[in-house]
Amino acid sequence: MNFLYAEQGFVNLTTARVAERAGVSIGSLYQYFPNKQGLAAAVVDHYSDEVLARFTAMVRARPGKTLVDTVDAMIGFALVSHPHEPEMHRALNDLAPRIGREEKTRAISRGMAKVIETELERHRQEISPDLDLADAAAMIETVLETVAHRAIQRHPVRVGADGLIGQCRRLIIGYLRSPSPS
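S.K.: Talk me through the overall build of the protein chain; I want residue IDs and the actual numbers.
M.R.: Within the protein chain one finds nine helices and zero strands. Across the 182 residues in the protein chain, those meeting the buried criterion constitute 42%. When contacts within the protein chain are restricted to residue pairs at least 6 apart in sequence, long-range pairs at least 24 apart make up 71% of them.

Written out as structure tokens, the structure reads:
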């Protein structure tokens, strides 16, 4: 279903075509999924869970000695590893609200923010003391997700991959180290 959906869109996708591509009978498909929406929800859930698991693994596998190292690992995932299938990612982001899976995508964002917060706690001494780490983590998750989506949407205002990574680092590190305006 993943690639079929990206190729055909939700309206044109049929369970018969999914069954054919998967090499199973339509009856077998209906044993697990009651309809096209149920199948699509399972795909969104699976993909979302996979993204969170990969993000967690990548960030924790590269425990940064410094805040910059840690931020680079997060940016690396968001801009290099995360959009590994840009067309699929774009298609599923468009699909989730259409099939009532917005809460799933919000839960994944909260999960990613929690991972970010845990990593920020390891570097508390490098971060402005007046910054709430939970708020900072939510902000960083939002920034990275937004930048990643802009990159995969072929937005007309583009920065090359290396430039984008550097600009994200500058933005996030500046935010984390800057004292609150009084």
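S.K.: I'd like to hear about the pattern of salt bridges, residue by residue, with values.
M.R.: Applying the stated criterion to the full structure yields ten salt bridges. Across the pair Glu-117 and Lys-114 runs a salt bridge whose closest N-O atoms are separated by 3.5 Å. Note that Glu-117 and Lys-114 are positioned in helix H7 (residues 102–122) at a spacing of three residues, about one turn of the helix. Glu-117 sits in the buried class, given a relative accessible area of 15%. Overall, the relative accessible area of 48% leaves Lys-114 in the partly exposed class. Counted as one network, the salt bridges with shared partners bring together Glu-103, Arg-106 and Arg-110.

S.K.: Which residues make up the confidence of the model for the protein chain, and what values do they have?
M.R.: Looking at the protein chain as a whole, the pLDDT averages 84, with 86% of positions reaching at least 70. Averaged pLDDT values over the elements of the protein chain bottom out at 71 in helix H1 (residues 2–12) and peak at 93 in H7.

S.K.: Tell me what's going on with the packing of helix H4 (residues 36–61) against H7, and back it up with residues and numbers.
M.R.: Contact geometry of H4 with H7 gives a least axis separation of 10 Å together with a crossing angle of 5°. On the basis of the axis angle, H4 is roughly parallel to H7. Here Asp-45, Ser-48, Asp-49, Val-51, Leu-52, Phe-55, Thr-56, Val-59 and Arg-60 of H4 come into contact with H7, specifically with Lys-104, Thr-105, Ile-108, Gly-111, Met-112, Val-115, Ile-116, Thr-118 and Glu-119.

S.K.: How would you explain H7 if you had to name every residue and give the values?
M.R.: Helix length check: H7, at 21 residues, gives a terminal C-alpha distance of 31 Å against a target of 30 Å (1.5 Å per residue), a fit within 8%. For H7, the full list of buried residues reads Lys-104, Ile-108, Gly-111, Met-112, Ala-113, Val-115, Ile-116, Glu-117, Glu-119 and Leu-120.

S.K.: Any details on the side chain of Ser-48? Residues and values, ideally.
M.R.: Structurally, the position occupied by Ser-48 is in helix H4. Relative accessible area serves as the criterion here: at 9%, Ser-48 is assigned to the buried category. Within polar-contact distance, the side chain of Ser-48 engages the backbone oxygen of Val-44 at 2.8 Å.

S.K.: Mind laying out the nonpolar core, listing which residues take part and the relevant values?
M.R.: Soluble globular proteins tend to bury their nonpolar side chains together. In terms of nonpolar packing, the biggest core is built from 43 residues, with Phe-55, Leu-79, Leu-120, Ile-140 and Leu-176 touching the most fellow members. Every element with two or more residues in this core is listed here: H4, helix H5 (67–81), helix H6 (86–98), H7, helix H8 (133–152) and helix H9 (161–177). Of all the elements, H4 adds the most residues to this core, at nine residues. Excluding its chain neighbours within four sequence positions, the residues that come into contact with Phe-55 are Met-74, Phe-77, Met-112, Val-115 and Ile-116. Listed in part, the six residues of the second largest apolar core include Leu-4, Leu-13, Leu-29 and Leu-39.

What counts as what
- Residues numbered from 1 in each chain as written.
- Predicted model: local features only at pLDDT ≥ 70, side-chain atom pairs only at ≥ 80, totals over all residues.
- Heavy atoms only, no water.
- Helix = DSSP H or I, 4+ residues; strand = E, 2+ residues; numbered from the N terminus.
- Buried < 20%, exposed > 50% of the residue type's maximum accessible area, 1.4 Å probe, protein only.
- Contact = heavy atoms within 4.5 Å.
- Salt bridge = Lys/Arg side-chain N within 4 Å of Asp/Glu carboxyl O.
- pLDDT = per-residue confidence, 0-100.
- Axes fitted to C-alpha atoms, helices over the stretch in contact; angles between N-to-C directions.
- Parallel < 35°, antiparallel > 145°, perpendicular 65-115°, else oblique.
- Expected span 1.5 Å × (residues − 1).
- Polar contact = N/O pair within 3.5 Å; in protein donor to acceptor, adjacent residues only side chain to side chain.
- Core = buried A, V, L, I, M, F, W, Y, C linked by side-chain atoms within 4.5 Å.

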